[in-house]
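Residue-level listing of the chains:
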Amino acid sequence: MSHDAAVLEQLPPEKLLDTSNYRVITPAITMMGEVETVEQYLEYERAHRNRGGIIRRLTERRDAIYEERGETLPVDVEIPTENPDEPPVQIHIESNDQTQTRTESESRASGISPSPSADVLVLVHEHGPTGVAGSPEPPAWDEL
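From a predicted model like this one, the values you see are computed outputs, not experimental measurements.

Here's the deal with helix α3 (residues 22–31)
Buried within α3 are the following residues: I25, A28 and I29. For α3, the buried positions fall inside an angular range of 100 degrees around the axis, keeping them on one side. Relative to its buried face, α3 has exposed residues pointing more than 90 degrees away, namely R23 and T30. For α3, the elements touching its buried residues are α2 (13–16) and α5 (52–69). Measuring from the side-chain oxygen of the N-cap residue of α3 to the backbone nitrogen of R23 gives 2.9 Å; that N-cap residue is N21.

Now the structure itself:
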């Protein structure tokens, strides 16, 4: 991470992302080579300016780094609970399974959704066809 350390030292997130000049920000994002570095800038941008274009460029760079490494992107899944007052169950899934041939970005581009992981399939199987909420009846139109 020596190259990224130089980027972080010379252009820390607060210095780089407090500018509105995309001609400075875009090349700096391209120079980043580690997911951890991109995540620092992404976190700062979301917390302070939350500009869609910058967030998109950062997430695309992060995804490209994963793809260059031949790794699968981590996935966050939210599953609602039976009690609507309780927050949903959140699962973070990281997979470096080399048998998966499509990356998430390739699947999105082709319109094919990525296959669910074994962990997600087990969770769905545990809760059966009625889901976590356990409602055997579909919701009424006024509930939608």
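Re the side chain of D4
In this structure, D4 sits in helix α1 (residues 2–10). Despite its burial, D4 pairs with no opposite charge; the closest candidate is R69, at 7.1 Å N-O. A distance of 2.7 Å separates the side chain of D4 from the backbone nitrogen of E34, its partner in a polar contact. Residues in contact with D4, not counting those within four places in the same chain, are M31, M32, G33, E34 and T37.

Notes on α5
Between its first and last C-alpha atoms α5 spans 26 Å; for 18 residues at 1.5 Å apiece the expected length is 26 Å, and the two agree. Among the residues of α5, those classed as buried are I54, I55, L58, T59, R61, R62, D63, I65 and Y66.

With respect to the nonpolar core
In terms of nonpolar packing, the biggest core is built from 19 residues, with L16, L17, I25, M32, Y41 and L58 touching the most fellow members. Every residue in contact with M32, bar those within four places of it in the chain, is listed here: D4, L16, T37, V38, Y41, L58, R61 and I65.

Things to note about the environment of T26
When you line up the elements, T26 lands in helix α3. Owing to a relative accessible area of 26%, T26 belongs among the partly exposed residues under this scheme. Distance from T26 to L58, taken between C-alpha atoms, is 9.0 Å for residues 32 residues apart in sequence. A polar side-chain atom of T26 sits 3.4 Å from a polar atom in the side chain of R57.

Points about the confidence of the model for the protein
For the protein, the average pLDDT comes to 75, and 61% of its residues sit at 70 or higher. The weakest mean pLDDT in the protein belongs to helix α6 (residues 104–110) at 46; the strongest belongs to helix α4 (residues 35–48) at 94. With pLDDT under 50 throughout, residues 97–111 is counted as low confidence; its partners more than four residues away or in other chains account for 17 contacts.

Examining the pattern of salt bridges
Note on pairing: side chains with opposite charge can pair once their charged atoms come close. Within this structure, the stated rule accounts for six salt bridges. Of the charged contacts in the structure, one is a salt bridge between R51 and E45, with a shortest N-O distance of 2.9 Å. Here D63 makes a salt bridge to R62, at a shortest N to O gap of 3.4 Å. Across this residue pair, the class does not change: D63 and R62 are buried. Because the salt bridges share partners, they merge into one network encompassing E39, R62 and D63.

Criteria and cut-off values
Residues numbered from 1 in each chain as written. Predicted model: local features only at pLDDT ≥ 70, side-chain atom pairs only at ≥ 80, totals over all residues. Heavy atoms only, no water. Buried < 20%, exposed > 50% of the residue type's maximum accessible area, 1.4 Å probe, protein only. Helix = DSSP H or I, 4+ residues; strand = E, 2+ residues; numbered from the N terminus. Arc of directions from axis to C-beta. Contact = heavy atoms within 4.5 Å. Polar contact = N/O pair within 3.5 Å; in protein donor to acceptor, adjacent residues only side chain to side chain. Lys, Arg positive; Asp, Glu negative; His and termini not counted. Salt bridge = Lys/Arg side-chain N within 4 Å of Asp/Glu carboxyl O. Expected span 1.5 Å × (residues − 1). Core = buried A, V, L, I, M, F, W, Y, C linked by side-chain atoms within 4.5 Å. pLDDT = per-residue confidence, 0-100.

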